[in-house]
Amino acid sequence: MGQRRHRIEDQPTSECLPSPRRGSLVANWVPGLLGLGALGLALCGQFGVTGPLPLNRLDAQADSLLRAPAASQADIQQAADLTEQLIARRPTDAAAWLRLAYIDRLQHAPLSAQAQAKVMRSYELEPYGPELTRWRQSFLFDNWPALSPELRERALSELSGVFPRHGWALRDIPDAVSNPRGRMVAFMAFSRLRADANIDGTTGQRSSTYRAR
């Protein structure tokens, strides 16, 4: 998450949005974890230890398949299989549930009820991120017309919960949303939160601009 996206109005939104990856709004510790996973594999090979792939390795492989410039249907299915394996061993991994929702969206349009159920599961596990907030908010605004009322409510609740502390790190989400309805809702939500907080999300400082609106 936190990757820059291109606005492509006529292209399915999930082809523009990168695969979900944990990315703290404060610090990014994923590369270190993935490095440890690779080190573990090397040691296993050196000492003849065999067994299931380490969880971080499953996560990295699935993510890599989906981030390939031209992921094939076989790549997407393999990523789904790897993510299912990950969830079977670590069912509380909210990012993995989001990846399954993302894969479903790559395969079906609009966002299916099954995919939305997976996003709801991620909310049950981590309702307010913040490490998943940026990706989850972008994904949901991009698929806004297809969302159930309950999922829309959860999305706006998450945004309201994290905005006072992390609004500055989320401020560019509305501009990056490709779906027109979702972009409009995002702009309205961010404007309301800035007005309610009486702050400028770009600086975190008191802003007379929003007071005047």
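For the structure, see preceding data.
Residues numbered from 1 in each chain as written. Predicted model: local features only at pLDDT ≥ 70, side-chain atom pairs only at ≥ 80, totals over all residues. Heavy atoms only, no water.

Enquirer: What is the right way to read the overall build of the protein chain from this model?
Expert: In terms of regular secondary structure, the protein chain is built from 10 helices and two strands. Reading the helices (α) and strands (β) of the protein chain from amino to carboxyl end gives α-α-α-α-α-α-α-α-α-β-β-α. Across the 213 residues that make up the protein chain, the buried fraction comes to 43%. Residue pairs in contact within the protein chain that sit at least 24 positions apart in sequence constitute 63% of those at least 6 positions apart. (Helix = DSSP H or I, 4+ residues; strand = E, 2+ residues; numbered from the N terminus. Buried < 20%, exposed > 50% of the residue type's maximum accessible area, 1.4 Å probe, protein only. Contact = heavy atoms within 4.5 Å.)

Enquirer: How do you make sense of helix α3 (residues 73-89) when you look at a structure like this?
Expert: Over its 17 residues, α3 runs 25 Å from end to end, which matches the ideal 24 Å to within 8%, given 1.5 Å per residue. Among all positions of α3, only I76, A79, A80, L82, T83, L86 and I87 are buried. Projected down its long axis, α3 shows its buried positions confined to an angular sector of 170 degrees, all on one face. Away from the buried face of α3 by more than 90 degrees, exposed residues Q73, A74 and A88 are located. Its buried side turned inward, α3 meets α2 (55-66) and α4 (94-107). (Expected span 1.5 Å × (residues − 1). Arc of directions from axis to C-beta.)

Enquirer: Would you take a moment to explain the packing of α4 against helix α6 (residues 133-142) for this structure?
Expert: Each pair of packed helices gets described by two things: the angle between the helix axes and the distance between those axes. At a minimum axis distance of 12 Å, the contact between α4 and α6 shows a crossing angle of 30 degrees. When the axes of α4 and α6 are compared, the pair comes out roughly parallel. Two packed elements cross with a definite hand, and for α4 against α6 that hand is left-handed. Within the contact between the two elements, α4 uses L98, A101, Y102 and R105 and α6 uses W135, R136 and F139. Split by residue class, the contact of α4 with α6 holds five nonpolar, no polar and two charged. (Axes fitted to C-alpha atoms, helices over the stretch in contact; angles between N-to-C directions. Parallel < 35°, antiparallel > 145°, perpendicular 65-115°, else oblique. Left-handed = near helix turned anticlockwise from the far one by under 90°. Nonpolar A, V, L, I, M, F, W, Y, C, P; charged D, E, K, R; others polar.)

Enquirer: Would you mind showing me how to read the packing of aromatic side chains here?
Expert: Two numbers describe a pair of aromatic rings. These are the distance of the centres and the angle of the planes. One pass over the full model with this rule turns up four aromatic pairs. Plain terms: the ring middles of Y102 and W135 are 5.9 Å apart, the flat faces sit at 75 degrees to each other, and that makes the pair edge-to-face. Note that Y102 is positioned in helix α4 and W135 in helix α6, a separation of 33 residues in sequence. Just as Y102 is buried, W135 falls in that class too. Taking 4.7 Å as the distance between ring centres and 20 degrees as the angle between the ring planes, the aromatic pair formed by W135 and F139 counts as stacked. You can see W135 and its partner F139 sitting in helix α6, four residues apart, about one turn around the helix. Chaining the aromatic ring pairs together yields one cluster made of Y102, W135 and F139. Its guanidinium or amino end placed over the ring of Y123, R136 lies 3.9 Å from that ring's centre, counting from NZ or CZ. (Phe/Tyr/Trp six-rings, centres within 6.5 Å; stacked < 30°, edge-to-face > 60°. Lys NZ or Arg CZ within 6 Å of the ring centre and 35° of its normal.)

Enquirer: Looking at this model, I keep getting lost on the pattern of salt bridges. Mind explaining?
Expert: Any two side chains of opposite charge can pair if their charged atoms end up close together. Tallied over the full model, the rule gives seven salt bridges. Residue E124 pairs with R121 through a salt bridge whose shortest N-O separation is 3.1 Å. Placement of the pair is E124 and R121 together in helix α5 (residues 113-125), with a separation of three residues, close to one helical turn. A relative accessible area of 28% means that R121 is categorised as partly exposed. A salt bridge links R136 to E158; its shortest N-O distance comes to 2.7 Å. With R136 in helix α6 and E158 in helix α7 (residues 149-170), the pair connects residues that are 22 residues apart, well separated along the chain. (Salt bridge = Lys/Arg side-chain N within 4 Å of Asp/Glu carboxyl O.)

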